[in-house]
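Inside the fold
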Amino acid sequence: QVQLVESGGGLVQAGGSLSLSCAASGRTFSSYAMGWFRQAPGKEREFVAAISRSGESTYLADSVKGRFTISRDNVKNTLYLQMNSLKPEDNAIYYCAARTRPVGNYYSTRAYDYWGQGTQVTVSS
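Below or above, wherever it landed, is the structure these notes cover. Since the model is a prediction, treat every value here as computed from it, not as a measurement. Per-chain numbering applies: the sequence of each chain, read as written, is numbered from 1 onward. In keeping with the predicted nature of the model, local features appear solely for residues at pLDDT of at least 70, side-chain atom pairs appear and are counted solely at 80 or more, and the whole-chain, interface and lining totals rest on all residues. Think of the side-chain values as coming from all heavy atoms in the structure, minus any hydrogens and water.

1. Comments concerning the overall build of the chain
- Secondary structure is summarised from DSSP: a helix means a run of H or I of at least four residues, a strand means a run of E of at least two, and numbering begins at the N terminus for each. A tally of helices and strands in the chain yields 0 helices and 11 strands.
- Along the chain, helices (α) and strands (β) appear in the sequence β-β-β-β-β-β-β-β-β-β-β when read from the amino end.
- With C-alpha atoms as the basis for the radius of gyration, the globule rule is written as 2.2 Å multiplied by the number of residues raised to the power 0.38. For 125 residues, the compact-globule formula gives about 14 Å, and the C-alpha radius of gyration of the chain, at 13 Å, lands near that figure.
- Seen through its principal axes, the chain has C-alpha atoms that stretch 40 × 25 × 25 Å.
- Working definition: with a 1.4 Å probe on protein chains only, accessible area under 20% of the residue-type maximum means buried, over 50% means exposed, and in between means partly exposed. Out of the 125 residues in the chain, the part that is buried amounts to 42%.
- Taking as baseline every contact in the chain between residues at least 6 positions apart, the subset at least 24 positions apart corresponds to 57%.
- Approximately 6600 Å² of the chain is accessible, and the part contributed by carbon and sulfur atoms is 45%.
- For the chain, the centre of its 13 positive side-chain charges and the centre of its 9 negative side-chain charges are spaced 4 Å apart. Only heavy atoms enter the contact rule, under which two residues are in contact if any of them lie within 4.5 Å. All accessible areas in this document rest on Shrake-Rupley with a 1.4 Å probe, and a residue is counted as covered only by the protein chains that are shown. We score Asp and Glu as negative and Lys and Arg as positive, and we do not count His or the chain ends. Note on charges: their place is set at NZ of Lys, CZ of Arg, CG of Asp or CD of Glu.

Here it is, written out as structure tokens:
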């Protein structure tokens, strides 16, 4: 089983920055495409960002383009999400996810096989 553990969430003021990390278990981290999703109160879980197995291709939701950056370190088995210029609209629980099979697309929650427990990001105004 793939285990994913997010960290780095917290409380920040609007305009501030946070860096999230997702530590993955196992020896096959480099075989997984990875994604970040978030879920705000009363809303469905939504796509934030995704990255290919090698890290050469990245995908960002329109709402975070120009503000967020996704990256990975396959030696450290870690996924990252750098969040800048945070807005109250970014307030949500952030989840990392692994796609172990080439089924579906990077934007759909249904395409991912494993999920972390989530980390809370709270942006005050």
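The rest of the description comes next.
2. What about the nonpolar core?
- Each nonpolar core is a collection of buried residues, namely Ala, Val, Leu, Ile, Met, Phe, Trp, Tyr and Cys, held together in the definition by side-chain atoms within 4.5 Å. Of all hydrophobic cores here, the largest spans 37 residues; its most connected members are Met 34, Trp 36, Leu 79, Leu 81, Met 83 and Tyr 94.
- Of all the secondary-structure elements, those providing two or more residues to this core are β3 (18–24), β4 (33–39), β5 (46–51), β7 (68–73), β8 (78–83), β9 (92–99) and β11 (119–124).
- Residues in contact with Leu 79, not counting those within four places in the same chain, are Leu 20, Ser 21, Cys 22, Phe 29, Met 34, Gly 35, Trp 36, Ile 51, Ile 70, Ser 71, Arg 72 and Cys 96.

3. Overview of the pairing of β9
- Summarising burial for β9: 7 of the 8 residues are buried, a large majority.
- In terms of strand pairing, β4 meets β9 through 7 bridges, oriented antiparallel. Across the sheet, the residue bridging to Arg 38 is Tyr 94, located in β9.
- By this definition, two strands are paired if DSSP reports at least two bridges between them. Two strands pair when backbone bridges link them, and β9 and β11 are joined in this way by 3 bridges, in the antiparallel orientation.

4. As for the side chain of Arg 67
- Following the sequence through the fold, Arg 67 ends up in the loop between β6 (58–60) and β7.
- Owing to a relative accessible area of 10%, Arg 67 belongs among the buried residues under this scheme.
- Any pair of nitrogen or oxygen atoms within 3.5 Å is treated as a polar contact; in protein, a donor-acceptor pairing is required on top of that, and neighbouring residues in sequence qualify only through side-chain atoms on both sides. Of the polar contacts made by the side chain of Arg 67, one reaches the side chain of Asp 90; its length is 2.7 Å.
- Other than its neighbours up to four places away in sequence, Arg 67 contacts Gln 82, Met 83, Asn 84, Ser 85, Leu 86, Lys 87 and Asp 90.

5. Some details on the sheet that holds β3
- Spatial strand order, β1-β3-β8-β7: 4 strands in an open sheet with antiparallel pairing. Looking at which strands have only one partner, the edges of the open sheet turn out to be β1 (4–7) and β7. For this sheet, the mean angle separating the axes of adjacent strands, direction not counted, is 15°.
- Here β3 pairs with β8 via 6 bridges, running antiparallel. Only C-alpha atoms enter the line fits that serve as axes; for helices the fit covers just the stretch in contact. Angles between N-to-C directions range over 0 to 180 degrees.

6. Some remarks on the pattern of salt bridges
- Counted as salt bridges are all cases of a side-chain nitrogen of Lys or Arg within 4 Å of a carboxyl oxygen of Asp or Glu. For the structure shown, the criterion picks out 4 salt bridges.
- Among the ionic pairs, Lys 65 bridges to Asp 62, the shortest N-O distance being 3.2 Å.
- A salt bridge links Arg 67 to Asp 90; the nearest nitrogen and oxygen atoms lie 2.7 Å apart. Taken together, the residues Arg 67 in the loop between β6 and β7 and Asp 90 in the loop between β8 and β9 connect sequence positions 23 residues apart. An identical accessibility class is assigned to Arg 67 and Asp 90; each is buried.

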